[in-house]
Amino acid sequence: MSKRIGWDEYFMRIAFQVAGRSTCSRKRVGAVIVRDRNILSTGYNGSISGMPHCDEAGHMMENGHCVATIHAEANAIIQAAKNGVMIAGASIYTTASPCWNCYKLIVNSGMKRIFFGEFYRDERIFEVSQKLGIELIDLSSCHDFEEVDPCARER
Ligand SMILES: [Zn+2]
Ligand SMILES: [Zn+2]
């Protein structure tokens, strides 16, 4: 039997599972919003509802980035809003550290902790988080979150 996993690993692994639903092959990202160890909302990056997926219709490139999708963190916040779920004071687990736009949404939604599975792109989030008292927690070195059983192979 493998050992029981901790809460951070539990939620981050779920975020990686959520990322599997992403519809843009350029980068598949998943996010899970949590408060008091309860999942409030999830999101992955995908096209506007009703529009074709990148994986089918191709990407919408702008300055080297695909702009067709709504990002995972934004979709998790949208899902909470659609369902009337209060996320102020919650934490977000995201497989990749938030881009600048998602970061701004996360902060203004009142979330206080951001866990990320890998560093993505924007360094500004570190400095601003320090100013605002937002916790940014890098879990990239802790675990291989995509591995179902951490004891199943040598590391
Ligand atoms: Zn795309
Ligand atoms: Zn983003």
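Not measured: the values here are computed from a predicted model. (Residues numbered from 1 in each chain as written. Chains lettered and ligands numbered in written order. Predicted model: local features only at pLDDT ≥ 70, side-chain atom pairs only at ≥ 80, totals over all residues.)

1. Comments concerning helix α4 (residues 100–108)
For α4, every residue scored as buried is listed here: Cys102, Tyr103 and Ile106. Seen along its axis, α4 keeps its buried residues to an arc of 105°; they face one direction. Within α4, the exposed residues directed more than 90 degrees away from the buried face are Trp100, Asn101 and Asn108. Elements in contact with the buried residues of α4: α3 (72–83), β7 (91–94), β8 (113–116) and α5 (124–132). Where α4 terminates, the next one or two residues include Gly110, which has phi positive at roughly 90°. (Buried ≥ 20, exposed ≤ 12 C-beta atoms within 10 Å, placed from the backbone. Helix = DSSP H or I, 4+ residues; strand = E, 2+ residues; numbered from the N terminus. Arc of directions from axis to C-beta. Contact = placed C-beta atoms within 7 Å.)

2. Digging into the sheet that holds strand β9 (residues 135–138)
Strand order across the open sheet formed by 5 strands is β2-β1-β7-β8-β9, with mixed pairing between neighbours. A single partner strand is all that each edge strand has here, and the edge strands are β2 (38–44) and β9. Averaged over all pairs of adjacent strands, the angle between strand axes in this sheet comes to 20°, irrespective of strand direction. Pairing of β7 with β8 involves 4 bridges; the strand directions are parallel. Residue pairing in the sheet places Ile92 in a bridge with Ile114 of β8. Taken strand by strand, α3 contacts β1 (30–35), β2 and β7, and its axis lies near 130° from that of β2. (Pairing = 2+ DSSP bridges. Axes fitted to C-alpha atoms, helices over the stretch in contact; angles between N-to-C directions.)

3. Some points on the nonpolar core
The nonpolar side chains of a soluble globular protein tend to be buried with one another. Counting 28 residues, the largest nonpolar core has Ala15, Ala31, Val32, Ile33, Ala76, Ile92 and Tyr93 as its most contacted members. Mapped by element, the contributors of at least two residues to this core are α1 (7–19), β1, α3, β7, α4 and β8. In terms of residue count, α1 provides more of this core than any other element does, 5 residues in total. For Val32, the residues in contact, after removing those within four places along its chain, are Phe11, Ile14, Ala15, Val18, Ile39, Thr42, Ala76 and Tyr93. (Core = buried A, V, L, I, M, F, W, Y, C linked by C-beta atoms within 7 Å.)

4. Considerations on the environment of Val18
Along the polypeptide, Val18 turns up in helix α1. Residue classification places Val18 among the buried residues on the basis of 24 C-beta atoms within 10 Å. When the C-alpha positions of Val18 and Asp138 are compared, they lie 19 Å apart, and in sequence the two are 120 residues distant.

5. Here we look at the packing of α3 against α4
Between two packed helices, the angle of one axis relative to the other and the distance separating the axes together describe the packing. Packing of α3 against α4 leaves a shortest axis separation of 8 Å and a crossing angle of 30°. If you check the angle between α3 and α4, you find them roughly parallel. In the packing of α3 onto α4, the handedness of the crossing is left-handed. For the pair α3 and α4, contact is made by Glu73, Ala74 and Ile77 and by Cys102, Leu105 and Ile106, respectively. Partitioning the contact of α3 with α4 into residue classes produces 5 nonpolar, no polar and 1 charged. (Parallel < 35°, antiparallel > 145°, perpendicular 65-115°, else oblique. Left-handed = near helix turned anticlockwise from the far one by under 90°. Nonpolar A, V, L, I, M, F, W, Y, C, P; charged D, E, K, R; others polar.)

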